Amino acid sequence: MEPVTYNLIGAGLIVIGAGIGLGQIGGKAMEGIARQPEATGKIQTAMIIIAALLEGLAFGALFLGK
Amino acid sequence: MKIFQQGFKSLALALLVFLPASVFAITTASGEGEVDTKMEVEDYILHHLKDSHDFSLFSYTNGEGERVHVGFPLPVIVWSSEGLVTFMSSEFHHNDDGGVIVEKGGLKFAKIHSKIYELEQGATTVSFDAEHHATNGTKVLDFSITKSVFGILVIGLLMLFWFSRLASQYKKKQIPTGFGRVLEPLVLYVRDEISRPNIGEKHYRRFTGYLLTVFFFIWILNLVGLTPLGFNVTGQLAVTACLAIFTLVIYTVSGNKDYWMHIFWMPGVPILIRPVLAIIELAGALIIKPFSLLVRLFANISAGHIVLMSLIAIMFTLKESLGVVGATGLSFVLSFFILLIELLVAFLQAYIFTMLSALFIGMAVAEHDHEHEHDAHGHEAPDAEDVRGDFI
Amino acid sequence: MDKLLNDFSPGLFVVSTILLLALIALMVKFAWKPILTSLNEREEGIQGALDAAEKAKREMANLQADNQKLLQEARLERETMLKEARELKTKMIADAEAEAKTQANKMIAQAQEAITSEKKAAMAELKSHVAGLSIEIAEKVVRNELSNKDKQLALVESMLGEATLN
């Protein structure tokens, strides 16, 4: 295969991994909010931070592979 | 005050009216700069993501079949083999593939993909190798007032103007009026939601100025990047690297004894593991943290620009299969929703960058005056802060 | 990665570092410092005003409690005073009554004594009178006896009938 295809496969893997991770973060955050609605603000902040970290990781990998 | 405001408004209005008159319109041969095919779209987007040496607003083909570029040139300042050389970017005539060679002080310069090359003595044209790298030229250190530098200057002056006016309002009254009323809650937001909780009541005052500047700088430039002006300042690796290095310097310089102790000689772990941990911690503090900061901002903004421009380009690329109306409609709907998401991302990235900077600074200045709790086996119970530190 | 490094422009890095340093310094000096100082002052002012209001409220409550206490005390004092006065009054009345009674008893006793002595005196006088009268009667009877025996006897008898009544 051409190198470009390998790159695309890698990008796909990264996106799958990041998608699973984001789903976990979002789902657990929802659960947390449902359990403790009064902690919504704190949970959201933590969720956004972790999501951003994950996203940074994914983007970093995508750009390094490019 | 009223007169001043009026004066400012009329000045802005005059600028808006006269700016197009002062911009230069350069004509090149027809076809050049037109974007129609998929390859050209890709090239155009990649070109946009890079910095550019002139400020072009739009271009069109006039009745005589010539391409007209409307915009204004910016000064080029390069550090060549014979010292500083300056000229206006209009001398390149919008050429970006090394076709136009500018001679200044006996040196020849060519612009290839937004990079300025100094040609070797005696060369008259740029020669390329198979991978389209210039073989007879070297890259020069480019201190030009590029589009990004221009953007930084404009936004910096705008911020200085807005916030110093807000500051002077407090001298006369307790509650600001006008635009200050919009800015005050934002300032309070950064102070109370980002700076204070992450750095701690004792130290936050020292760093709030930096965090506020960075927050508004990134946010405003992200938003400006979404306008048709076509700035891509926060999508420049050099700018985000510069911001990340500022944060690195700040938290390295202000780190206290506890912080360095946790890096070099982590308390509460077996002695043998401590040197290994020290290496990991040191790499994390000096390389991974700033790298994640700079790549995150750069990648998000670049990706946003790529997606938005690709969706706009649907207008040309799908013209044949969907028809003019269909392609334009699809492009409009998709790019509209992506633009909304990008507006959120513009804020989110500014928030994340500031938040993480505050977090890192907070970890560096945190005082561990409390003894770590030990569990039944004599191991240290993980502290919330340490756990948080491990994840970042 | 190569592409990223190729895109990185050292010139732009230097220029943006200088510009950002200048921007941070200027913003801190001309904008953030005055803004944050005035925001802090405003917040402290509001906090101070709230504290003062709270203090005033507490003082007011204290004052009211003091007033209430004073009022209570005054009422108590008045009541005790009234009670004392009432007691005094009853005592005085009782004393006066007792004295009046003893006085009256004394007077009655005196009067009785006087009456008895008067009665005695009157009895003595009466006795003496009766004695004198009896003597007179006896004289007259004697005289009558001397003149008329029958008549004398009748007289004595009538006299005696009268005299035994006393």
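Procedures and definitions
Residues numbered from 1 in each chain as written. Chains lettered and ligands numbered in written order. Predicted model: local features only at pLDDT ≥ 70, side-chain atom pairs only at ≥ 80, totals over all residues. Heavy atoms only, no water. UniProt positions renumbered as here; feature names shortened; annotations may be inferred. Domains from an automatic or database assignment. Helix = DSSP H or I, 4+ residues; strand = E, 2+ residues; numbered from the N terminus. Contact = heavy atoms within 4.5 Å. Buried area = accessible area lost by both parts, 1.4 Å probe. Salt bridge = Lys/Arg side-chain N within 4 Å of Asp/Glu carboxyl O. Polar contact = N/O pair within 3.5 Å; in protein donor to acceptor, adjacent residues only side chain to side chain. Nonpolar A, V, L, I, M, F, W, Y, C, P; charged D, E, K, R; others polar. Axes fitted to C-alpha atoms, helices over the stretch in contact; angles between N-to-C directions. Parallel < 35°, antiparallel > 145°, perpendicular 65-115°, else oblique.

- The name recorded for chain B in an unreviewed UniProt entry is ATP synthase subunit a, from Winogradskyella thalassocola.
- Looking at chain B in UniProt, the text filed under Function (unreviewed entry) is "Key component of the proton channel; it plays a direct role in the translocation of protons across the membrane."
- What the UniProt record of chain B gives under Sequence similarities (unreviewed entry) is the line "Belongs to the ATPase A chain family."

- An unreviewed UniProt entry annotates chain A as ATP synthase subunit c of Winogradskyella thalassocola.
- Note on chain A: under the UniProt heading Sequence similarities (unreviewed entry), the record states "Belongs to the ATPase C chain family."
- The annotation that UniProt attaches to chain A under Subcellular location (unreviewed entry) is "Cell membrane".

**Things to note about the domain arrangement of chain B**
Link 1 in the chain: Along its sequence, chain B is carved into domain 1 (75–144) and domain 2 (149–391).
Link 2 in the chain: In this structure, domain 1 of chain B and domain 2 of chain B have C-alpha centres spaced 36 Å apart.

**Regarding the environment of C:S158**
Link 1 in the chain: Note that C:S158 resides in helix α3 (residues 149–163).
Link 2 in the chain: Separated by 96 residues in the primary sequence, C:S158 and C:N62 place their C-alpha atoms 109 Å from one another.

**What about the interface of chain B and chain A?**
Link 1 in the chain: Of the residues lining the interface, 16 residues belong to chain B; the matching set on chain A comes to eleven residues.
Link 2 in the chain: Overall, the association of chain B and chain A removes approximately 1100 Å² of surface from exposure, summing both partners, and the carbon and sulfur fraction of that is 80%.
Link 3 in the chain: Linking chain B with chain A are zero salt bridges.
Link 4 in the chain: Where chain B touches chain A, the interface holds zero residue pairs in polar contact (both at pLDDT 80 or more).
Link 5 in the chain: For the side of chain B that touches chain A, the secondary structure elements donating two or more residues are α8 (274–317) and α9 (319–365) of chain B.
Link 6 in the chain: Residue composition of the side of chain B that touches chain A, grouped by class: twelve nonpolar, three polar and one charged.

**What to know about the interface of chain B and chain C**
Link 1 in the chain: The interface is formed by 47 residues belonging to chain B together with 33 residues belonging to chain C.
Link 2 in the chain: In this assembly, chain B packs against chain C so that about 3400 Å² is buried in total across both faces, 78% of it on carbon and sulfur atoms.
Link 3 in the chain: For the pair chain B and chain C, the number of links is two salt bridges.
Link 4 in the chain: At the boundary of chain B and chain C, one finds four residue pairs in polar contact (both at pLDDT 80 or more).

**Some words on the packing of helix α7 (residues 257–264) of chain B against α8(B)**
All names here are of chain B.
Link 1 in the chain: Across the interface, α7 lies against α8 with an axial gap of 6 Å and an inter-helix angle of 120 degrees. Put simply, α7 runs oblique to α8. For the pair α7 and α8, the contacting residues are Y259, H262, I263 and F264 in the first and R274, L277, A278, E281, L282 and A285 in the second.
Link 2 in the chain: Its residues assigned to classes, the contact of α7 with α8 comprises seven nonpolar, one polar and two charged.

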